[in-house]
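In case you want the letters, here they are:
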Amino acid sequence: MAVFTLPPEMITFYKYHIEYITENAVNPDKRRYAVEGEAPRHYIDIDVYAPEGANPFDSMPRKWYDAVAKYTEDTLQAYGIVPWHIDVMVKRLTQAFKDKDLDRILFLSADLGHYVGDSHVPLHTTVNYNGHLTNQRGIHAFWESRVPELNADDYDYFVGRAKYIKNPLDYAWETVEESHWQKDSVLKFEKELSEEFSPDQKYVFETRGTVTMKQYSQPFSDAYDKKLNGMVERKLRKSIIAVGSFWYTAWVDAGQPDLTSLLNQKVSEKFKEEIEELNKKYEAGKIHGRDHE
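Thresholds applied
Residues numbered from 1 in each chain as written. Predicted model: local features only at pLDDT ≥ 70, side-chain atom pairs only at ≥ 80, totals over all residues. Heavy atoms only, no water. Helix = DSSP H or I, 4+ residues; strand = E, 2+ residues; numbered from the N terminus. Rg over C-alpha atoms; globule rule 2.2 N^0.38 Å. Buried < 20%, exposed > 50% of the residue type's maximum accessible area, 1.4 Å probe, protein only. Contact = heavy atoms within 4.5 Å. Lys, Arg positive; Asp, Glu negative; His and termini not counted. Charge placed at Lys NZ, Arg CZ, Asp CG, Glu CD. Pairing = 2+ DSSP bridges. Salt bridge = Lys/Arg side-chain N within 4 Å of Asp/Glu carboxyl O. pLDDT = per-residue confidence, 0-100. Expected span 1.5 Å × (residues − 1). Bend = angle between axes of the 7 residues up to and from the residue. Polar contact = N/O pair within 3.5 Å; in protein donor to acceptor, adjacent residues only side chain to side chain. Core = buried A, V, L, I, M, F, W, Y, C linked by side-chain atoms within 4.5 Å. Axes fitted to C-alpha atoms, helices over the stretch in contact; angles between N-to-C directions. Parallel < 35°, antiparallel > 145°, perpendicular 65-115°, else oblique. Nonpolar A, V, L, I, M, F, W, Y, C, P; charged D, E, K, R; others polar. Phe/Tyr/Trp six-rings, centres within 6.5 Å; stacked < 30°, edge-to-face > 60°. Lys NZ or Arg CZ within 6 Å of the ring centre and 35° of its normal.

Moving on, we get to the overall build of the chain. When helices and strands are counted, the chain shows 14 helices and 2 strands. In terms of C-alpha radius of gyration, the chain reaches 20 Å, essentially the compact-globule figure of 19 Å for 293 residues. Taking the principal axes of its C-alpha atoms as reference, the chain extends roughly 60 × 50 × 40 Å. Burial statistics for the chain: of 293 residues in total, 49% are counted as buried. Long-range pairs, those at least 24 residues apart, make up 74% of the contacts in the chain with a sequence separation of at least 6. Computed over 37 positive and 48 negative side-chain charges, the inter-centroid distance for the chain is 1 Å.

Quick look at the structure:
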């Protein structure tokens, strides 16, 4: 969806490669448990940096090296680095545009979109990321997957045009902060509804292929979405415009290179093989990679 927020100078290129970007946007999750240093790029448990009731954003420096000086890099890696990594990815994408490196433009665009999406999920900003501290296990997938799965056809995906982001790091932090303050509602409303619905009303069993799985019911999901006043859709819409805006910002900062010259190029076979090998190693959990740069 983010492709359609782009200006004419970019949209032809991204539409041409939309299938690749869509398919590969899930790669960061595939690497998450197979590549050392990948997992912290998806979240930040910001609430560990301040006593309960205090504002953790008052304690955390926004600049990477200031945060390292205060908390050490090991601590930051332990509790997540998503806002800083988004900034790193924008810089990498900017350089890829400057170099007119098709492989890296597509790879980085897909990865960046994934991390930006994660930063819009409230439960990616708290140590209680799956409700395990409040007896609400499963709430992460409920908010992030089940609710949109049931309601996606009714969402409004027309979010306007991408805009230039003057300071990507500040923008990433503002997104994380907004998401974090929404996590209280995410947890509280599920807890309240769980007291109103009996277990057989809250859950259903669905068969997909040969697998039968326990899922939140449609009535419970609808009641939750109503209590949240459409938060999931609003966050999805914000993430779409944010992804497009980060891509646009990288392109502008690269000097607005002519992307039509890349339309005759194809993703290199070597690059395809590297991605395929990465995916295979993900299944086997054999690969280790670099940490935050």
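Direction of pairing for strand 1 (residues 203-208) relative to strand 2 (residues 211-216): antiparallel, over a ladder of 6 bridges. Along strand 2, the bridge assignment pairs threonine 207 with threonine 212. What sits between strand 1 and strand 2 in their antiparallel hairpin is a turn of 2 residues, with glycine 209 showing a positive phi close to 70°.

Let us look at the pattern of salt bridges. For the coordinates displayed, the defined rule picks out 16 salt bridges. Between arginine 62 and glutamate 177 there is a salt bridge whose closest N-O contact spans 3.6 Å. In this pair, arginine 62 sits in the loop between helix 4 (56-59) and helix 5 (64-71) while glutamate 177 sits in helix 10 (residues 168-196), placing the two residues 115 residues apart along the sequence. Using a relative accessible area of 31% as the deciding quantity, one classes arginine 62 as partly exposed. The class for glutamate 177 is partly exposed, based on a relative accessible area of 22%. Ionic contacts of the salt-bridge type, sharing partners, join the residues Arg31, Glu38, Arg41 and Asp111 into one network.

Low-pLDDT portions of the prediction should not be read for the details of their coordinates. Considering every residue of the chain, the mean pLDDT works out to 91; 95% of them sit at 70 or more. Low pLDDT, under 50, characterises residues 286-293; the predicted model gives this stretch 28 contacts beyond four residues in sequence or across chains.

You can see leucine 262 is positioned in the loop between helix 13 (231-253) and helix 14 (269-284). The sequence separation of leucine 262 and glutamate 190 amounts to 72 residues, and the corresponding C-alpha distance is 48 Å. Apart from the residues within four sequence positions on either side, leucine 262 is in contact with Phe13, Lys100 and Ile105.

A separate point is helix 10. Along its 29 residues, helix 10 runs 42 Å from first to last C-alpha, staying within 8% of the 42 Å computed at 1.5 Å per residue. At glutamine 182, helix 10 shows its largest bend, some 30°. By the N-cap criterion, in which a side-chain oxygen at the helix start approaches the backbone nitrogen of a residue two or three places on, helix 10 is capped by asparagine 167, the distance to leucine 169 being 3.1 Å.

Among the nonpolar cores identified, the biggest contains 55 residues, and Tyr14, Trp84, Phe97 and Trp247 are the most heavily contacted of them. Elements that contribute at least two residues to this core include exactly helix 1 (8-16), helix 2 (18-24), helix 5, helix 7 (82-99), helix 8 (102-119), helix 10, helix 13 and helix 14. When residues of this core are assigned to their parent elements, the largest contribution, 9 residues, is made by helix 8.

Time to look at the packing of helix 9 (residues 139-151) against helix 12 (residues 218-227). Look at helix 9 against helix 12: their axes get within 10 Å of each other, and the N-to-C directions meet at 100°. With respect to their mutual orientation, helix 9 and helix 12 come out roughly perpendicular. Facing Ile139, Phe142, Trp143, Arg146, Val147, Leu150 and Asn151 of helix 9, the residues of helix 12 in contact are Gln218, Phe220, Ser221, Asp222, Tyr224 and Asp225. Its residues placed into classes, the contact of helix 9 with helix 12 shows 7 nonpolar, 3 polar and 3 charged.

A few words on the packing of aromatic side chains. Counted under the stated rule, the structure contains 17 aromatic pairs. Put simply, the rings of Phe142, Phe197, Tyr203, Tyr216, Phe220 and Tyr224 touch in pairs and so form one group of aromatic residues. Sitting above the plane of the tyrosine 203 ring, lysine 214 keeps its charged end 4.2 Å from the centroid.

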